[in-house]
Amino acid sequence: MSLLKQDISLFGDNIPWFEGLREKARKAFERIGLPTAKTEAWKYSYFKEDALNKPQIDETPHECDGHCHDASKLPFAAVELKYCNGKLTHIAHDLPCGIIIRPLYEATEDGEIKPYLNKSFDMEEFPFAALNTAFLDEGLFIVITAGTILNMPIYLHYHQHSGMNRLCNIRNIIVIEKGAKATLIEDFDGESDARYFDNIVNEIYVGTGAILQHYKRQNEASEAHHVAFNSVQVKSGGKYESLIAHGECALARTESCVRLTQENASAEVNGVYRLAQNGVSDITTNIRHLAPHTDSDQLVKGVLDGKAKGVFQGQIHIAPDAQQTTGYQLHRALVLSDGAEVDCKPELEIFADDVKCSHGATSGDLDAEQLFYMQARGIPLAEARQILIEAYLNEVFEKVEDTAVAEWLKGRL
Amino acid sequence: MTQKLLEIKNLSAGIAESGKEIIKGLNLTINAGETHAIMGPNGAGKSTLSYVITGKSDYAVTGGEMLFEGQNLCTLKPEERAALGIFLSMQSPIEIPGVTTQNFLKHSVNAVRKYNNLPELDAAEFLKLLRTAAKEFDVSTDMLKREINVGFSGGEKKRMEILQLSLLQPKLAILDEADSGLDIDALKIVANGVNQWHNQNNSLLIITHHLDLLKRIKPDFVHIYSDGHIVKTGDMALAEELETSGYKNYLKASV
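Residues numbered from 1 in each chain as written. Chains lettered and ligands numbered in written order. Predicted model: local features only at pLDDT ≥ 70, side-chain atom pairs only at ≥ 80, totals over all residues. Heavy atoms only, no water.

A. Up close: the environment of B:Arg159. All names here are of chain B. Position of Arg159 among the secondary structure elements: in helix 6 (residues 154-168). With 19 residues separating them in the primary sequence, Arg159 and Ala178 have C-alpha atoms 9.6 Å apart. Setting aside residues up to four positions removed in sequence, Arg159 forms contacts with Phe137, Asp138, Met143 and Ile189. In terms of polar contacts, Arg159 uses its side chain to reach the backbone carbonyl oxygen of Asp138, at 3.1 Å. (Helix = DSSP H or I, 4+ residues; strand = E, 2+ residues; numbered from the N terminus. Contact = heavy atoms within 4.5 Å. Polar contact = N/O pair within 3.5 Å; in protein donor to acceptor, adjacent residues only side chain to side chain.)

Encoded structure:
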C-alpha cells in the first residue's frame with residue numbers, strides 16, 4: 001500500500017505503548033485497505049485512485065506568517081487554535097479557567113492521553129481512522145474540567161496553502177468532564193489551488209451531565225480531499241449537539257459515530273451541504289443507543305447544483321435493552337440541476353420494542369409557485385432562488401444555540 | 001386626453017406544456033384611472049388571464065399582443081412587469097416557509113426601487129415605511145415577524161396583499177378573487193385599502209364572482225368573460241343583472 005510506504009520520522013517511537021499502537025494500526029490498514037466502490041459504507045463516495053496515491057506527508061516545519069489566520073477573523077470571542085498545512089501552529093494564550101489544551105506529543109509523552117487514545121472505536125471498522133493512527137504525530141488534547149461552563153467557543157482553524165500534495169493526519173482528543181459545557185468550532189479552508197488530503201479523527205468524550213456543542217464547517221479547494229471521523233461517546237445525562245456544514249471540495253466526508261452509553265444521554269447530529277461545482281459531500285452518521293432513555297435527532301438538508309453529488313447515510317442502532325429511547329432522522333435535498341445527484345441511505349437497526357423511531361427523505365427542486373410569487377413582487381429570479389435556498393437551510397442553522405455562531409456558519413457556506 | 005395603460009389586442013394564450021388554448025382572441029383596453037371588472041363562470045380561465053398578463057411561465061402567448069404604457073409585455077420577465085407597475089393579488093397568496101414577512105417585503109420594495117433607479121431603502125427607512133402602512137391595514141408587528149402567509153387566515157392573507165399594494169404603489173392592480181374567503185370586516189379593509197390607493201393615474205382590474213366587492217369598489221366597466229374572450233361589456237348594471245339571472249344568457253348555447 002503506497003500510502004504506508006512513506007519514509008518519515010514520527011515522534012514517540014521510544015514510547016512502547018504508543019509505537020505499539022501505530023504498528024497495530026499499520027497492520028490493520030494493510031489488512032483492510034482503502035474502501036472501494038464495493039465497500040458498503042463507502043459505495044456512494046469512494047475515492048478515485050489518484051486521490052490517494054500521490055499525497056505525501058509534509059515533513060517541513062511550517063512557519064506561518066499569520067496572514068492566513070487573519071482571513072478567518074471571527075465576529076465573536078473564541079479560544080483560537082490553528083493548524084496550517086496540517087501542522088499545529090498556534091495555541092491561544094491566556095486560556096480561560098477550566099480548560100487544558102496540550103499538543104498531542106506532550107500529552108503522549110507523559111501518558112495523559114493513554115486512557116482516551118483509540119479507545120472510542122475499532123480500527124478494523126474504519127480504514128481512514130486506522131491510517132490516521134498509523135501516522136499519529138499531530139493533534140491536540142483538550143480537556144474541559146468538571147463543572148466548567150466555557151463562555152466562549154474553542155475555535156480550531158485548519159488552513160492549507162498550495163504547494164505539495166499533502167496527506168495530513170490529525171488527531172484531536174476532546175474530553176468534556178462531568179457537568180462541564182463547551183462549544184467547539186472546526187473551520188476548514190485553503191488556497192484555491194491547494195491540493196491535499198485531510199484525514200481528521202476527533203475522539204470526543206462527553207461526561208456525565210456534560211454538554212458539547214460541536215460545529216464544523218468546510219469549504220475548500222476543488223482539488224482538496226477531506227475525510228473526518230468524529231467518534232463520540234456520551235455518558236449519563238450528557239448531550240452532544242452538532243452541526244456539520246459542507247461546502248465545496250473534491251470530496252468531503254464527515255462521519256459521526258455517536259455512542260450513547262448511559263441513560264438519558266442524547267445527541268443531535270444535524271447537517272447542511274451546499275455544492276454547485278462537481279464535488280461530493282458525504283455526511284454519514286451512526287447513532288448507537290446502548291442504554292435506556294437515550295434520545296437522538298438528526299436533520300440534514302442539502303442544496304446541489306452543477307454536477308455536485310450529495311450523500312447521506314444515516315444509521316440508528318438501538319440495542320436490546322435500550323428501551324424508551326427515541327431516534328429521529330430526516331434528510332432533505334434540493335436538486336437544482338439535471339447533472340446533480342443525491343444518494344440517501346437510511347438504516348434503522350432496532351432490537352428493543354419500546355422505542356420511537358422515524359426516518360424520512362425527500363428530494364426536489366425549488367417551488368415554482370413560490371418563485372413566481374416573489375417575481376410577481378418584483379424580486380428578480382436569481383435573488384428569489386437565493387432567498388428560498390437560504391430559507392430552506394435556515395431550519396438547520398436555527399438549531400445552533402448561539403445566534404452569532406449560527407450567522408457566522410451561515411455566512412461561510 | 002385619456003392615457004392607455006394596458007392594451008390587449010386579439011390575445012391568444014394557453015398552457016405552455018400541453019399547448020391547450022385557454023384565451024382566444026381577447027381584446028381589452030384599460031385607461032389610466034379606470035376600474036374594470038371581469039366576471040365569468042368558474043373554469044372560464046379568468047385567473048389564466050391574470051397570469052398571462054403578469055408573465056407566469058406555465059402559460060404561453062400564441063398570438064396577439066399586450067402593451068403596457070406602449071411597451072410590449074411579452075418579452076419581459078415577471079419581475080420586470082412587476083417593477084414597471086403591474087401588481088397581481090392572487091386568489092391564494094403563496095406561503096413561503098422560512099422567509100419572514102418583513103424580510104420578503106423589504107426584498108420586494110427594494111427590488112422595485114432598484115429597477116426604477118431609485119436608491120434602496122436601508123433597514124431603518126424601510127421599517128418606518130412598513131410600520132405606517134401596517135398600522136393602516138391592521139397588520140400587527142407579530143404578523144410581520146411571521147413567515148409570509150404561513151398559517152395566515154384567509155383575511156390575514158388578503159390584508160397582507162393590500163399592504164403590499166400600498167407599499168409598492170403600482171400603476172395597475174389585478175385583484176384575482178380578492179374577496180374570496182373574507183368576512184365583512186376584512187372585505188371592508190381590503191376595499192378601503194384599494195380605494196385609498198386608487199386615483200386618476202392608476203387602474204384596477206378586478207376578477208370576481210360577487211357583487212359585494214364591486215359595490216365597494218365601483219367599476220367603470222364590467223366585462224363578461226367566457227370561452228376565452230369577452231362576450232359582453234357594460235357597467236355596474238350588468239353586474240347586477242348577472243346577480244339575478246346568472247351567466248346563461250351570455251354563454252354559448254350548449255349542444
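The structure having been displayed, the exposition proceeds.
B. A look at the interface of chain B and chain A. Between chain B and chain A, the contact holds 29 residues from the first and 16 residues from the second. Carbon and sulfur atoms supply 65% of the area that chain B and chain A bury against each other, a total of about 1900 Å² over both sides. Scanning the region where chain B abuts chain A turns up two salt bridges. Here A:Arg377 and B:Glu161 are joined by a salt bridge, their closest N and O atoms 2.8 Å apart. Joining chain B to chain A, the criterion identifies 12 residue pairs in polar contact (both at pLDDT 80 or more). A total of five residues in the side of chain B that touches chain A trace back to one element, the largest contributor, which is helix 3 (residues 101-115) of chain B. (Buried area = accessible area lost by both parts, 1.4 Å probe. Salt bridge = Lys/Arg side-chain N within 4 Å of Asp/Glu carboxyl O.)

C. Main features of the sheet that holds strand 5 (residues 71-72) of chain B. All names here are of chain B. Sheet architecture is open: four strands sit in the order 2-1-4-5, paired in antiparallel fashion. Two strands close off the open sheet at either side, each with one partner strand: strand 2 (21-31) and strand 5. In terms of strand pairing, strand 4 (residues 59-68) meets strand 5 through two bridges, oriented antiparallel. Paired with Phe68 across the bridge in strand 5 is Gln71. (Pairing = 2+ DSSP bridges.)

D. Looking closely at unusual backbone geometry. The backbone phi angle of A:Asn264 is positive, close to 65°, even though this residue is not glycine. For A:Asn264, the location among the structural elements is in the loop between strand 12 (251-260) and strand 13 (266-275). The class for A:Asn264 is partly exposed, based on a relative accessible area of 46%. The phi dihedral of B:Asn149 falls on the positive side, at around 65°, and the residue is not glycine. Inspection of the secondary structure puts B:Asn149 in the loop between helix 5 (141-145) and helix 6. (Buried < 20%, exposed > 50% of the residue type's maximum accessible area, 1.4 Å probe, protein only.)

E. View of the packing of helix 6 of chain B against helix 7 (residues 184-197) of chain B. Residues and elements named next belong to chain B. Packing of helix 6 against helix 7 brings their axes to within 10 Å, and their N-to-C directions diverge by 10°. When the axis of helix 6 is compared with that of helix 7, the two are roughly parallel. Two secondary-structure elements touch here, helix 6 through Gly155, Lys158, Arg159, Ile162 and Leu165 and helix 7 through Ala186, Ile189, Val190, Gly193, Val194 and Trp197. Taken together, the residues of the contact of helix 6 with helix 7 sort by class into seven nonpolar, two polar and two charged. (Axes fitted to C-alpha atoms, helices over the stretch in contact; angles between N-to-C directions. Parallel < 35°, antiparallel > 145°, perpendicular 65-115°, else oblique. Nonpolar A, V, L, I, M, F, W, Y, C, P; charged D, E, K, R; others polar.)

F. Structural context of the side chain of A:Ser266. Structurally, A:Ser266 can be placed in strand 13. Other than its neighbours up to four places away in sequence, A:Ser266 contacts A:Val234, A:Gly238, A:Lys239, A:Tyr240, A:Leu260 and A:Asp295.

G. Summary view of helix 6 of chain B. Residue and element names in this part refer to chain B. With 15 residues, helix 6 extends 21 Å from end C-alpha to end C-alpha; this agrees with the ideal 21 Å at 1.5 Å per step. For helix 6, the tally of buried residues reaches 14 of 15 residues, placing the bulk of the element in the interior. Taken from the residues just after helix 6, Gln169 is the one with a positive phi, measuring 45°. (Expected span 1.5 Å × (residues − 1).)

H. Representation of the pairing of strand 1 (residues 4-15) of chain B. All names here are of chain B. Sheet analysis places strand 1 next to strand 2, joined by eight bridges and oriented antiparallel. Across the sheet, Leu6 pairs through a bridge with Ile30, a residue of strand 2. Two successive antiparallel strands, strand 1 and strand 2, enclose a turn made up of five residues, where Gly19 displays a positive phi of approximately 80°. Here strand 1 pairs with strand 4 via eight bridges, running antiparallel. Bridged to Ala13 within strand 4 is Val61.

I. Summary view of the nonpolar core. Membership of the largest hydrophobic core comes to 116 residues, with the highest contact counts inside it found for B:Ile53 and B:Leu163. A per-element tally of this core places helix 7 (residues 381-397) of chain A first, with nine residues. Apart from the residues within four sequence positions on either side, B:Ile53 is in contact with B:Leu6, B:Ile8, B:Met66, B:Leu73, B:Arg81, B:Ile86, B:Ile174 and B:Leu205. (Core = buried A, V, L, I, M, F, W, Y, C linked by side-chain atoms within 4.5 Å.)

So, to be careful, I would describe these as geometric facts and stop short of saying anything about function.
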